[in-house]
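Structural features, examined
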Amino acid sequence: MDSELALKTWFRMLSNTALIEHELRTLFVNEFNVTLPQFDLMAALHHAGGSEKMSALSKWMKVSNGNITGVVDRLERDGLVARQALPEDRRVKIIHLTEAGADVFSHMAKRHKEWISTLLDEISEGDLEQLHLQLMQLSKTIKRKLQ
């Protein structure tokens, strides 16, 4: 394998990710007054069925419990999530999407999908399907090599 091409490809993936994340950060703040990490946490809760342990959210988002705490604090202040201690172990915190949080997340997720679609709308559906398949193969290859 051409190691120079591999490195250039890696940098291109990082660059594209950074461009998209920057745009999403701006759009989420401007339209919803939430940060991208706040949206990500709400997405994690949504995909977990509405509630999850703080430690599991930390692992899912690949950040420390301390970082999650700050994100949860703001969402809780805005009434979008609620925090509850487990009765059998008060140190363990469960985070729940509130009804308002679930409604807001639903709207944010719809807009997120629209924004991504707009950013990629000049790429043909066939090319997007091919890129998706290649990225899935890349994920499998990397996971296999890291085991």
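The structure this text deals with has already been given above.
1. Some words on the packing of helix H2 (residues 36–47) against helix H4 (residues 65–77)
Working note: a packed helix pair is described by the angle between its axes plus the distance between those axes. At a closest axis distance of 10 Å, the pairing of H2 and H4 adopts a crossing angle of 85°. In this view, H2 runs roughly perpendicular relative to H4, as classed from their interaxial angle. Contacts between H2 and H4 involve Pro37, Gln38, Leu41 and Met42 from the first element and Ile68, Val71, Val72, Arg74 and Leu75 from the second. Its residues assigned to classes, the contact of H2 with H4 shows seven nonpolar, one polar and one charged.

2. Brief notes about H2
A rise of 1.5 Å per residue sets the reference length of H2, with its 12 residues, at 16 Å; its end C-alpha atoms lie 16 Å apart and thus fit the reference within 8%. Every buried residue belonging to H2 is among Leu36, Gln38, Phe39, Leu41, Met42, Ala43, Ala44 and Leu45, and all of these are buried. Looking one or two residues past H2, glycine 49 carries a phi angle of roughly 95°, positive in sign.

3. Notes on the pairing of strand E3 (residues 89–97)
The pairing of strand E1 (residues 51–53) with E3 spans three bridges and is antiparallel. Note on E3: the bridge partner recorded for lysine 53 is isoleucine 94. Pairing of strand E2 (residues 81–86) with E3, which is carried by six bridges, proceeds in the antiparallel orientation. Across the sheet, alanine 85 pairs through a bridge with lysine 93, a residue of E3.

4. A word on a nonpolar patch on the surface
A cluster of nonpolar side chains, namely Leu131, Leu135, Leu138, Ile142 and Leu146, defines an oily patch on the protein surface of about 440 Å² accessible area. For leucine 131, the position within the fold is in helix H6 (residues 125–146).

5. Structural notes on the sheet that holds E2
The sheet built from three strands is open, its strands ordered E1-E3-E2 with antiparallel pairing. Both outer strands of the open sheet, E1 and E2, are each paired with one neighbouring strand and no more. Averaged over all pairs of adjacent strands, the angle between their axes in this sheet comes to 30°, without regard to strand direction.

Conventions used here
- Residues numbered from 1 in each chain as written.
- Predicted model: local features only at pLDDT ≥ 70, side-chain atom pairs only at ≥ 80, totals over all residues.
- Heavy atoms only, no water.
- Axes fitted to C-alpha atoms, helices over the stretch in contact; angles between N-to-C directions.
- Helix = DSSP H or I, 4+ residues; strand = E, 2+ residues; numbered from the N terminus.
- Parallel < 35°, antiparallel > 145°, perpendicular 65-115°, else oblique.
- Contact = heavy atoms within 4.5 Å.
- Nonpolar A, V, L, I, M, F, W, Y, C, P; charged D, E, K, R; others polar.
- Expected span 1.5 Å × (residues − 1).
- Buried < 20%, exposed > 50% of the residue type's maximum accessible area, 1.4 Å probe, protein only.
- Pairing = 2+ DSSP bridges.
- Patch = residues over 30% accessible without salt bridge, like charges linked within 9 Å, V, L, I, M, F, W, Y side chains within 5 Å.
- Areas by Shrake-Rupley, 256 points an atom, 1.4 Å probe, with all protein chains shown as cover.
- Salt bridge = Lys/Arg side-chain N within 4 Å of Asp/Glu carboxyl O.

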